[in-house]
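# Reading the structure
Letter by letter, the chains look like this.
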Amino acid sequence: AATTTYQAENATIANGVVEANHAGFTGTGFVNYDNAVGSAVQWSITVAAGSTSLVFRYANGTTTSRPMTIAIDGATAATPSFAGTGAWTTWTTASVTATLTAGTHTVRATATTANGGPNVDELTVTDAGDPGPPGT
Ligand code: GCU
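What counts and how
- Residues numbered from 1 in each chain as written.
- Predicted model: local features only at pLDDT ≥ 70, side-chain atom pairs only at ≥ 80, totals over all residues.
- Helix = DSSP H or I, 4+ residues; strand = E, 2+ residues; numbered from the N terminus.
- Rg over C-alpha atoms; globule rule 2.2 N^0.38 Å.
- Buried ≥ 20, exposed ≤ 12 C-beta atoms within 10 Å, placed from the backbone.
- Contact = placed C-beta atoms within 7 Å.
- Pairing = 2+ DSSP bridges.
- Axes fitted to C-alpha atoms, helices over the stretch in contact; angles between N-to-C directions.
- Near = placed C-beta within 6 Å.
- Nonpolar A, V, L, I, M, F, W, Y, C, P; charged D, E, K, R; others polar.
- UniProt positions renumbered as here; feature names shortened; annotations may be inferred.
- Core = buried A, V, L, I, M, F, W, Y, C linked by C-beta atoms within 7 Å.

Looking at an unreviewed UniProt entry, one finds the protein named Carbohydrate binding module (Family 6) and attributed to Amycolatopsis xylanica.

### What to know about the overall build of the protein
What the protein contains, in helices and strands, is zero helices and 11 strands. Reading the protein from its N end, one meets helices and strands in the order β-β-β-β-β-β-β-β-β-β-β. Computed over its C-alpha atoms, the radius of gyration of the protein comes to 15 Å, within 12% of the 14 Å expected for a compact globule of 136 residues. In the protein, which comprises 136 residues, the proportion classed as buried is 32%. Here the analysis covers contacts within the protein between residues at least 6 apart in sequence; of these, 75% occur between residues at least 24 apart.

### Details of the sheet that holds strand E10 (residues 103–111)
Pairing is antiparallel in the open sheet, where five strands are placed in the order E2-E5-E10-E7-E8. The open sheet terminates on both sides in strands that have one partner only, identified here as strand E2 (12–14) and strand E8 (75–78). Strand-to-strand twist in this sheet, taken as the mean axis angle between neighbours without regard to direction, amounts to 30°. Sheet topology places strand E7 (residues 68–72) next to E8; three bridges connect them, and they run antiparallel.

### Regarding the site of the ligand
Looking at the ligand, the residues that line it are His22, Asn32, Asn35, Trp88, Gly116 and Asn119. Among the residues making up the shell around the ligand, the classes are represented as one nonpolar, five polar and no charged.

### Things to note about the UniProt feature "domain: CBM6" (unreviewed entry) in the protein
Cross-referencing UniProt, the feature "domain: CBM6" (unreviewed entry) maps to residues 4–126 in the present numbering. Spanning residues 4–126, this segment combines 0% helix with 55% strand, and its end C-alpha atoms are found 6 Å apart.

### Here we look at unusual backbone geometry
Look at Asn15: it is not a glycine, yet its phi comes out positive at around 70°. Overall, Asn15 belongs to the partly exposed group, with 17 C-beta atoms counted inside 10 Å. Within the chain, Asp73 stands out as a residue other than glycine whose phi angle is a positive 50°. Along the chain, the position of Asp73 falls in the loop between E7 and E8.

### So, the nonpolar core
Among the nonpolar cores identified, the biggest contains 24 residues, and Ala8, Val41, Val120 and Leu123 are the most heavily contacted of them. Every element with two or more residues in this core is listed here: strand E4 (30–33), strand E5 (40–47), strand E6 (50–59), E10 and strand E11 (119–127). Ignoring sequence-local partners within four residues, the contact set of Leu123 consists of Tyr6, Ala8, Trp43, Leu54, Phe56 and Val107.

Pasting the structure below:
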């Protein structure tokens, strides 16, 4: 399998801003979603065919979940809750699994409540289809 990390700050952001004021993020920052329904981050990912793991790294320093719709190529794949993590500097992950064809796909994480999304750091994608080099 091949694992690729896609930073949120390098993705397409719809109603959110890149910030770096809460420690523990990877890359150069994270996306602070606007506190509104419909704020979103969209990645373009490239995978081999088969079962694919999508791991969203996030922080939610409130005690209220920040649910988002995860859409792949425009179709809802999952609706994780993105529960509170205790602090904006405490990062954890939410995972979604999907079966994808080989090639490039869009992954869009859209907030569904007026609080907007959590702060999102990165998306790590592991595909099952790529066997990798011999011996691995
Ligand atoms: C605070 C926090 C932000 C967060 C925001 C929110 O302002 O500093 O990082 O995004 O709350 O509630 O969404």
